[in-house]
Amino acid sequence: MAFEGLTEKLSAAFKKLRGKGRLSEADVKEAMKEIRMALLEADVNFKVVKQFVASVTERAVGSDVLESLTPAQMIVKIVNEELTNLMGGENSKLTISPKPPTVIMLCGLNGAGKTTNGAKLAGFFKKQGKRPLLVACDTFRPAAITQLEVVGSQVDVPVFQMGQIDPIDIAKAGIEHAKKHGNDMVFIDTAGRLHVDEELMDQLKQMKAAIEPTEILLIVDAMIGQDAVNAAKAFDEALDITGVMLTKLDGDARGGAALSIKAVTGKPIKFVGQGEKLDQVDLFYPDRMASRILG
Ligand code: GDP
């Protein structure tokens, strides 16, 4: 399960504090060193760690904490609150366009889980009474269209495709199709690459300009840690993304991506993917994630 190492190391640091009863500023600083190491080992961006440790320390060495009857418990609470803030505080909702359809452009590197999670999201909103349409614009990877049709049918969401023609034409036609058929949400599956590359970014920028999507959701793989954060930064600089879906949180991701993305890009994680099954999708709640990390 994701975050195991981090959870273990944080609990060890807190256990030492609890064992001491009354705490001095030096005790807190010692614990903060361990927390800092735990976060770095979990692949959290080093600037994010520095800022995080500074905020927690500032609050934790306050006299109201150290002189309280349960200082260790209060420090755990502070860490929990600061982890929640780091990940964006509240759940950040998908923007729904006042003028349907809401168009969501799904972007990401190959293998991040774009196609699968496009279907997961479409299925998720269908269950909430929406009428989504999936649009197959990944014309770069030959098998992508068929893959989208397979997962689309599994969540009972129609898939619009026009073969391997210009993806921008497909996106525009897909949105027109949605308007005619009463689909109020359009999920656009775009092409990826193995690495961030200029040609891909140019194509996505052109698509963004042509269709003016309501949301540009970046799909990132939590398992690749710092690389996920770097990919998010690059996509955000090129496309000004509106949010992130973090996938594969069921794996042994060390946590770095979940904890760094909001702080590094300023863009919230809106959804998480927690398994290969198409119903393994959830809204992202920073407070629940913080509690899960703290074990
Ligand atoms: P794309 O290249 O970005 O379109 O990625 P795919 O949708 O083809 O997904 C790549 C692989 O990741 C597939 O084998 C998916 O089943 C798998 N996958 C996607 N999301 C998750 C997830 O949340 N958890 C796990 N364990 N696997 C996932």
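What you see is a predicted model; the values in this text were computed from it and never measured.

Definitions and limits used
- Throughout this document, residue positions are counted from 1 along each chain, in the order its sequence is written.
- Reporting of local features is limited, given that this is a predicted model, to residues whose pLDDT is at least 70; pairs of side-chain atoms are given and counted only at 80 or more, and all residues count toward the totals for whole chains, interfaces and linings.
- Only hydrogens and water are removed before side-chain values are computed, so all heavy atoms of the structure are retained for them.
- Partly exposed residues are those whose accessible area sits between 20% and 50% of the maximum for their type, while under 20% is buried and over 50% is exposed, using a 1.4 Å probe and protein chains only.
- The way it works is that DSSP assigns letters per residue, a run of H or I at least four long becomes a helix, a run of E at least two long becomes a strand, and they are numbered from the N terminus.
- In this description, strands pair whenever DSSP reports at least two bridges between them.
- Near is defined per residue: the residue qualifies when any heavy atom it owns lies within 4 Å of the molecule or strand.
- Pairs of N or O atoms are called polar contacts if they sit within 3.5 Å, as long as, within protein, a hydrogen donor faces a hydrogen acceptor (for residues adjacent in sequence, only side-chain-to-side-chain pairs).
- What sets the accessible areas is the Shrake-Rupley method with a 1.4 Å probe; for residues, cover comes only from the shown protein chains.
- Stacked, edge-to-face and tilted are the three classes for Phe, Tyr and Trp ring pairs, Trp counted by its six-membered ring, which pair at centre distances within 6.5 Å; planes under 30 degrees apart are stacked, over 60 edge-to-face, the rest tilted.
- A ring has a charge above it when a Lys NZ or an Arg CZ is no more than 6 Å from the ring centre and no more than 35 degrees off the ring normal.
- To obtain an axis, a line is fitted to C-alpha atoms, over the contacting stretch when the element is a helix, and the angle between two such axes runs from 0 to 180 degrees between their N-to-C directions.
- Each angle gets one of four labels, with under 35 degrees taken as roughly parallel, over 145 as roughly antiparallel, 65 to 115 as roughly perpendicular, and the rest as oblique.
- The sense of a crossing depends on the near helix, which, turned anticlockwise from the far helix by less than a right angle, makes the crossing left-handed and, turned clockwise, makes it right-handed.
- We call two residues contacting when some pair of their heavy atoms lies within 4.5 Å.
- Each residue is assigned to one class: nonpolar for Ala, Val, Leu, Ile, Met, Phe, Trp, Tyr, Cys and Pro, charged for Asp, Glu, Lys and Arg, and polar for all the others, Gly among them.
- The salt bridge definition used is simple: a Lys or Arg side-chain nitrogen within 4 Å of an Asp or Glu carboxyl oxygen.

To continue, consider the pairing of strand E5 (residues 215-221). Counted residue by residue, E5 has seven buried out of seven residues, so it is predominantly covered. Of the two faces of E5, the one lined by Glu215, Leu217, Ile219 and Asp221 and the one lined by Ile216, Leu218 and Val220 are each fully buried. Pairing geometry for strand E1 (residues 102-107) and E5, over four bridges, is parallel. By the bridge assignment, cysteine 107 is partnered in E5 with leucine 218.

Looking at the ligand, there are 18 residues lining it, with Gly111, Lys114, Thr115, Thr116 and Asp250 nearest. Residue aspartate 250 places a side-chain N or O atom 2.7 Å away from a nitrogen atom belonging to the ligand. Summarising the interface, the protein chains cover 81% of the accessible area of the ligand, which totals 580 Å² for the free molecule. Broken down by element, the residue count for the shell around the ligand peaks at five residues, all from helix H6 (residues 114-127).

On to the environment of isoleucine 241. With respect to the secondary-structure elements, isoleucine 241 resides in the loop between helix H10 (226-239) and strand E6 (243-247). Judged by relative accessible area, which is 1%, isoleucine 241 ranks as buried. A C-alpha to C-alpha distance of 19 Å links isoleucine 241 and proline 167, two positions 74 residues apart in sequence.

Okay, the packing of aromatic side chains next. In total, this model carries four aromatic pairs according to the counting rule given. With centroids separated by 6.0 Å and ring planes inclined at 80°, the aromatic side chains of phenylalanine 125 and phenylalanine 271 adopt a geometry described as edge-to-face. Of the two residues, phenylalanine 125 is situated in helix H6 and phenylalanine 271 in strand E7 (residues 269-273); the sequence distance between them amounts to 146 residues. Both residues of the pair, phenylalanine 125 and phenylalanine 271, count as buried. Here a set of aromatic residues connected by ring pairs shows up, and it is made of Phe124, Phe125, Phe187 and Phe271. Sitting over the face of the ring of phenylalanine 140, arginine 193 holds its NZ or CZ atom 3.5 Å from the ring centroid. Sitting over the face of the ring of tyrosine 285, arginine 288 holds its NZ or CZ atom 3.8 Å from the ring centroid.

For the pair helix H9 (residues 198-211) and H10, the least separation of the axes is 10 Å and the interaxial angle reads 45°. Considered as vectors, H9 and H10 are oriented oblique to each other. Here the hand of the crossing between H9 and H10 comes out right-handed. From H9, Leu200, Met201, Leu204, Lys205 and Lys208 reach across to H10, where they touch Ala234, Phe235, Ala238 and Leu239. Of the residues in the contact of H9 with H10, the class split is seven nonpolar, no polar and two charged.

What follows deals with the pattern of salt bridges. Applying the stated criterion to the full structure yields 17 salt bridges. Between glutamate 41 and lysine 9 there is a salt bridge, with the nearest N and O atoms lying 2.9 Å from each other. Here glutamate 41, found in helix H2 (residues 25-41), pairs with lysine 9, found in helix H1 (residues 4-20); they are 32 residues apart in sequence, far enough to count as distant. On the basis of relative accessibility, which here comes to 37%, the residue glutamate 41 falls in the partly exposed class. You can call lysine 9 partly exposed: its relative accessible area is 37%. Put simply, lysine 270 and glutamate 215 hold a salt bridge, and the shortest N to O gap is 2.8 Å. Taken together, the residues lysine 270 in strand E7 and glutamate 215 in strand E5 connect sequence positions 55 residues apart. Classification of lysine 270 as buried rests on a relative accessible area of 4%.

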